[in-house]
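Residues per chain are reported as follows:
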Amino acid sequence: MATKLNFNHSLDFEYGKPDQLAPQITRIIANNPSPITFKGTGTYVIGNKEIIIIDAGPKDKNHLEALLKFAKGKVITHILVTHSHADHYPLSYELQKYCDAKIYGHKPDFSDALDDIGEDMHGFIADIELNDGDIIENNEIKLKAIYTPGHSASHFCFEFAAQNALFCGDHIMGWSSTVVLPPDGNMTLYMKNLQKIADLKFDILYPTHGAPIVQPNDYINALINHRLERDEQIIRCIENGLVGLDEILLAIYPELNPALHSAARKNIQAHLLRLIDLGLVKNIWFD
Ligand SMILES: [Zn+2]
């Protein structure tokens, strides 16, 4: 049965102002709103005295100042990067000039994959390459890295077991479904890793874009069903004789914002690649 997806488009915040969302969890949002980033990149600061930064954000002077102001009198012990998209990592290097923390993340496997929607993954290099299950800890905080490729081949989420919480980057967003753009994005892995997160039964997810998601499993199941419905729509388009990505795109998104056209086209391609993986569509749909 179809589950309705309810996206939350409200977000109470001010750019650059720290919002304490829970004990030891503060978020500061960068002023880089777009059709892809919603209101902007949410940088999480975990801890009170020894702090871990997750996704420092884009190279933005005001955001750097806001992070440094909040970090004053605290020790930044780690800088984590959920994935190598340009709204998440570039400020890490600027931040590193003011602290001794190393940058943790996973190098991009497809370095030129997202140029067409303005995201450029060139240049992300971690000091320390993450592996699934790695523990990141200081005297105050312990996090676990969970490898979740799908939105990006480089994607990690970070589990905060003390609060049964997950910092989920762009794997799951609060305000929208996640774009999955091949080849960096992979729908087969994305679906598998949505289920991986559902199986861990978190009480709350903290996405980079959008509001936190409380008791998230219904939401994750709705995201999975939404994709399954999209699979079915595409199969129906093919059965009805539609040929090529553009015809399917028009049939599925008749009133799409032109700014999202390229992303939606690749999203359909991602579904087609998954359907090919599943043996439901023949390998004739590349262009
Ligand atoms: Zn991303």
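A short tour of the structure in this document, coming up. (Residues numbered from 1 in each chain as written. Predicted model: local features only at pLDDT ≥ 70, side-chain atom pairs only at ≥ 80, totals over all residues.)

## Describing the overall build of the protein
And then number 1: The helix and strand tally for the protein stands at 6 helices and 13 strands.
And then number 2: At 19 Å, the protein has a C-alpha radius of gyration in line with the 19 Å of a compact globule built from 287 residues.
And then number 3: Reported as C-alpha extents along the three principal axes, the dimensions of the protein are approximately 65 × 35 × 35 Å.
And then number 4: Classification of the 287 residues of the protein by burial places 43% in the buried group.
And then number 5: Taking as baseline every contact in the protein between residues at least 6 positions apart, the subset at least 24 positions apart corresponds to 63%. (Helix = DSSP H or I, 4+ residues; strand = E, 2+ residues; numbered from the N terminus. Rg over C-alpha atoms; globule rule 2.2 N^0.38 Å. Buried ≥ 20, exposed ≤ 12 C-beta atoms within 10 Å, placed from the backbone. Contact = placed C-beta atoms within 7 Å.)

## Remarks on unusual backbone geometry
And then number 1: The omega angle of the peptide bond from Pro-182 to Pro-183 is 5°, so this bond is cis rather than trans.
And then number 2: Within the secondary structure, Pro-183 sits in the loop between β11 (165-169) and α3 (187-199).
And then number 3: Not every positive phi belongs to a glycine, and Asn-164 is a case in point at roughly 45°.
And then number 4: By secondary structure assignment, the location of Asn-164 is in the loop between β10 (156-160) and β11.
And then number 5: The backbone phi angle of Lys-201 is positive, close to 50°, even though this residue is not glycine.
And then number 6: With respect to the helices and strands, Lys-201 occurs in the loop between α3 and β12 (204-207).

## A word on the sheet that holds strand β4 (residues 50-54)
Two orientations exist for strands paired in a sheet by backbone hydrogen bonds: parallel and antiparallel.
And then number 1: The sheet built from 7 strands is open, its strands ordered β1-β2-β3-β4-β5-β6-β7 with mixed pairing. Every other strand in the sheet has two partners, leaving β1 (19-22) and β7 (128-129) as the edge strands with one partner each.
And then number 2: Both strand β3 (residues 42-46) and β4 contribute to a ladder of 3 bridges, which runs antiparallel. If you follow Ile-46 over to β4, its bridge partner there is Ile-52.
And then number 3: Against the sheet, helix α1 (residues 61-71) touches β2 (25-29), β3, β4 and β5 (75-80), its axis set at about 155° to β2. (Pairing = 2+ DSSP bridges. Axes fitted to C-alpha atoms, helices over the stretch in contact; angles between N-to-C directions.)

## Here we look at the nonpolar core
What tends to happen in soluble globular proteins is that the nonpolar side chains get buried as a cluster.
And then number 1: Ranked by internal contacts, the top residues of the largest apolar core, which has 64 residues, are Ile-53, Ile-79, Leu-80, Phe-158, Leu-166 and Phe-167.
And then number 2: Ranked by residue count, the leading element in this core is helix α6 (residues 261-277), at 6 residues.
And then number 3: Viewed by domain, this core spans two of them, domain 1 (19-223) and domain 2 (226-277), each represented by three or more residues. (Core = buried A, V, L, I, M, F, W, Y, C linked by C-beta atoms within 7 Å. Domains from an automatic or database assignment.)

## Examining α6
And then number 1: Between the first and last C-alpha of α6 there are 24 Å, a value that for 17 residues agrees with the 24 Å anticipated at 1.5 Å per step.
And then number 2: Within the span of α6, buried status applies to Ala-263, Lys-266, Asn-267, Ile-268, Gln-269, Ala-270, His-271, Leu-272, Leu-273, Arg-274 and Leu-275.
And then number 3: Against the buried residues of α6 lie α3, α4 (217-239) and α5 (245-252).
And then number 4: Gly-279 sits one or two positions beyond α6 and adopts a positive phi of about 80°. (Expected span 1.5 Å × (residues − 1).)

## Concerning the pairing of β3
And then number 1: Across the 5 residues that make up β3, a large majority, 5, are buried.
And then number 2: Side chains Gly-42, Tyr-44 and Ile-46 of β3 all project onto a buried face; the interleaved residues Thr-43 and Val-45 project onto the opposite face, where all are buried too.
And then number 3: Sheet analysis places β2 next to β3, joined by 5 bridges and oriented antiparallel. Looking across to β3, one finds that Thr-26 is bridged to Val-45.
And then number 4: Hairpin geometry of β3 and β4 is characterised by an intervening segment of 3 residues between the two adjacent antiparallel strands and by a positive phi of about 110° at Gly-47.

## Digging into the sheet that holds β10
And then number 1: Read from one edge to the other, the open sheet built from 6 strands follows the order β8-β9-β10-β11-β12-β13, with strand pairing classed as mixed. Sheet topology places β8 (135-137) and β13 (213-214) at the edges, where each strand pairs with a single neighbour.
And then number 2: Bridge analysis of β8 against strand β9 (residues 142-147) gives 3 bridges, and the strand direction is antiparallel. In the sheet register, Glu-137 faces β9, and the bridge partner there is Lys-142.

## Side note on α4
And then number 1: Look at α4: 33 Å from first C-alpha to last across 23 residues, which is about the 33 Å you get at 1.5 Å a residue.
And then number 2: Remark: Gly-241 follows α4 within two positions and exhibits a positive phi of approximately 90°.

## Some thoughts on the environment of His-155
And then number 1: Note that His-155 resides in the loop between β9 and β10.
And then number 2: For the pair His-155 and Lys-107, spaced 48 residues apart in sequence, the C-alpha to C-alpha distance is 9.4 Å.
And then number 3: In contact with His-155, other than residues within four places in its own chain, are Thr-82, His-83, Thr-148, Pro-149, Gly-150, Gly-169 and His-171.

## Focus on the packing of α5 against α6
And then number 1: Closest axis-to-axis distance for the α5/α6 pair is 10 Å, and the angle between their directions is 105°. In terms of orientation, α5 and α6 fall into the roughly perpendicular class. Facing Leu-245, Ile-248, Leu-249 and Ile-252 of α5, the residues of α6 in contact are Ala-264, Arg-265, Ile-268 and Gln-269.
And then number 2: Class assignment for the residues of the contact of α5 with α6 results in 6 nonpolar, 1 polar and 1 charged. (Parallel < 35°, antiparallel > 145°, perpendicular 65-115°, else oblique. Nonpolar A, V, L, I, M, F, W, Y, C, P; charged D, E, K, R; others polar.)

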